[in-house]
Amino acid sequence: MEILGIDVGGTGIKAAIVETATGVLLTERTRIETPRPATPEAIGQTLKTMLDQNQWSGVPIGMGFPAAIQHGIARTAANIDNSFIGLPVAEYFSQHTGCPVYMANDADAAGLAEMRFGAGMGHPGVVLIVTIGTGLGTALFVDGHLLPNTELGHVLLANGIEGERFASESVRIVNQLKWREWGPRLNLYLTTMENLFWPDLIILGGGVSDKLHKFSPMITTKAPVVAASFLNQAGLVGAALFAEEEINRGR
Ligand code: BGC
């Protein structure tokens with residue numbers, strides 16, 4: 001099935017048409033800055049532009065969104081406008097775009113792509129995916145099954161600071177942290193996660209996933225830490241896979 005995958009992030013919105021049988025991108029990825037303030041109306045307008053760019057109309061879209069998404073309703077809004085909270089956001093964007101929208105949390109979407117075709121493919125046991133971007137997103141799988149909406153980027157670390165306010169990519173950039181300064185921060189986050197969930201494998205996605213060699217010497221988890229095979233594209237590939245799953249379930 002060919003589905004337009006869209007990954008809405010706190011900083012950028014990315015889209016490409018994905019072949020769901022293989023996870024391969026059929027078109028060049030397009031990217032537009034996330035509007036500020038990131039209101040439903042403003043993001044809806046940006047989505048329309050992206051649909052035009054991809055010549056996509058009236059057919060399903062898979063969307064990863066940076067919030068807990070419970071049956072299409074946004075429950076949190078850490079890096080987007082607060083007016084999203086409680087909004088049936090999948091339905092809202094369906095009306096806005098004229099395309100059926102299937103929506104999952106962005107990190108859950110990235111995790112689906114990695115478990116199906118990437119670094120977690122066929123991996124049994126507990127796998128934790130952490131996407132490192134504007135925020136910290138998490139997806140937790142047990143024997144390939146997802147526990148959705150884990151929101152573990154908001155866990156407080158031993159220093160009293162929320163994980164994503166200490167170790168996200170945006171914090172690294174804003175504070176101009178060197179890899180040797182940021183690496184121990186990420187390590188504190190990952191070891192905290194390990195002590196709580198004991199994953200067998202940790203997969204890192206997001207903008208820093210292709211820089212793993214720069215900070216991996218500072219990571220001391222017992223579980224192996226690997227980069228997402230889809231790197232920063234995992235979210236949009238997984239969003240398309242999620243849409244296909246939902247369509248096959250008759251939703
Ligand atoms: C949000 C999550 C999201 C993550 C990555 C967090 O601030 O609460 O829902 O997965 O950022 O975008």
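Residue positions are given per chain, counting from 1 as you read along its sequence in written order. Local features are withheld for residues below a pLDDT of 70 in this predicted model, meaning they are given only at 70 or higher, and side-chain atom pairs are given and counted only at 80 or more; totals for whole chains, interfaces and linings count all residues. As a convention, hydrogens and water are excluded, and side-chain values are obtained from all of the structure's heavy atoms.

Q: An account of the overall build of the chain is needed here, citing residue identities and associated values.
A: A count of helices and strands for the chain gives eight helices and 13 strands. It is over C-alpha atoms that the radius of gyration is taken, and the globule rule equals 2.2 Å times the number of residues to the power 0.38. Taken against the 2.2 N^0.38 rule, which gives 18 Å for 251 residues, the C-alpha radius of gyration of the chain at 17 Å falls within 12% of a compact globule. Each of the three principal axes of the chain carries a C-alpha extent, and together these read 50 × 40 × 30 Å. Residue exposure (1.4 Å probe, protein chains only): buried if accessible area is under 20% of the type maximum, exposed if over 50%, otherwise partly exposed. Considering the chain as a whole, with its 251 residues, one finds that 55% of them fall into the buried category. Contacts are assigned to residue pairs with any non-hydrogen atoms lying within 4.5 Å of each other. Put simply, of all contacts in the chain between residues at least 6 apart along the chain, 62% involve residues at least 24 apart. Computed by Shrake-Rupley with a 1.4 Å probe, the accessible areas treat only the displayed protein chains as cover when residues are assessed. As displayed, the chain has an accessible area near 10,700 Å², and 54% of this comes from carbon and sulfur atoms. Averaging the locations of the 17 positively and 24 negatively charged side chains of the chain gives two centres separated by 8 Å. Secondary structure elements follow DSSP: runs of H or I of four or more residues count as helices, runs of E of two or more count as strands, with numbering from the N terminus. Positive charge is attributed to Lys and Arg, negative charge to Asp and Glu, and no charge count is given to His or to the chain ends. Charge placement uses NZ in Lys and CZ in Arg. For Asp and Glu, CG and CD serve respectively.

Q: Which residues make up the sheet that holds strand 13 (residues 225-227), and what are the values?
A: Backbone-to-backbone hydrogen bonds join strands into a sheet, with any given pair of strands oriented parallel or antiparallel. When DSSP finds two or more bridges between two strands, those strands count as paired. Taken together, the five strands give an open sheet; going across it, the order is 11-10-9-12-13, and neighbouring strands pair in mixed fashion. The two strands at the open ends of the sheet, each matched to only one other strand, are strand 11 (145-147) and strand 13. This sheet shows a mean twist of 30° between the axes of neighbouring strands, independent of strand direction. As judged from the three bridges shared by strand 10 (residues 136-142) and strand 11, these two strands associate in the antiparallel manner. Where helices are involved, their axes are fitted lines through C-alpha atoms of the stretch in contact, as for all axes, and angles between N-to-C directions lie from 0 to 180°.

Q: Describe the site of the ligand, with residues and values.
A: Summary of the distance rule: residues count as near a molecule or strand when at least one heavy atom falls within 4 Å of that molecule or strand. Taken together, 13 residues surround the ligand, and among them Asn105, Asp106, Glu151, His154 and Glu164 come closest. N or O atoms within 3.5 Å of each other form a polar contact, as long as, within protein, one can give a hydrogen and the other can take it, and as long as residues adjacent in sequence are counted only when both atoms are side-chain atoms. In this structure, Ala67 approaches the ligand through a main-chain N or O atom, which is 3.2 Å from an oxygen atom. Protein chains bury 94% of the 310 Å² of accessible surface belonging to the ligand in isolation. Where a domain begins and ends is set by an automatic assignment or by a domain database. No fewer than three residues from each of domain 1 (2-108 + 233-248) and domain 2 (122-228) sit in the shell around the ligand.

Q: So what about the domain arrangement of the chain? Which residues, and what values?
A: Annotation of the chain at the domain level lists domain 1 (2-108 + 233-248) and domain 2 (122-228). Measuring from the centre of the C-alpha atoms in domain 1 to the corresponding centre in domain 2 gives 23 Å. Listed by partner, the interface residues are 12 residues for domain 1 and 13 residues for domain 2. Defined here as a combined quantity, buried area equals the accessible surface (1.4 Å probe) lost by two parts on assembly, summed across both. Counting the surface lost from both domain 1 and domain 2, the interface buries some 870 Å², and carbon and sulfur atoms represent 46% of this.

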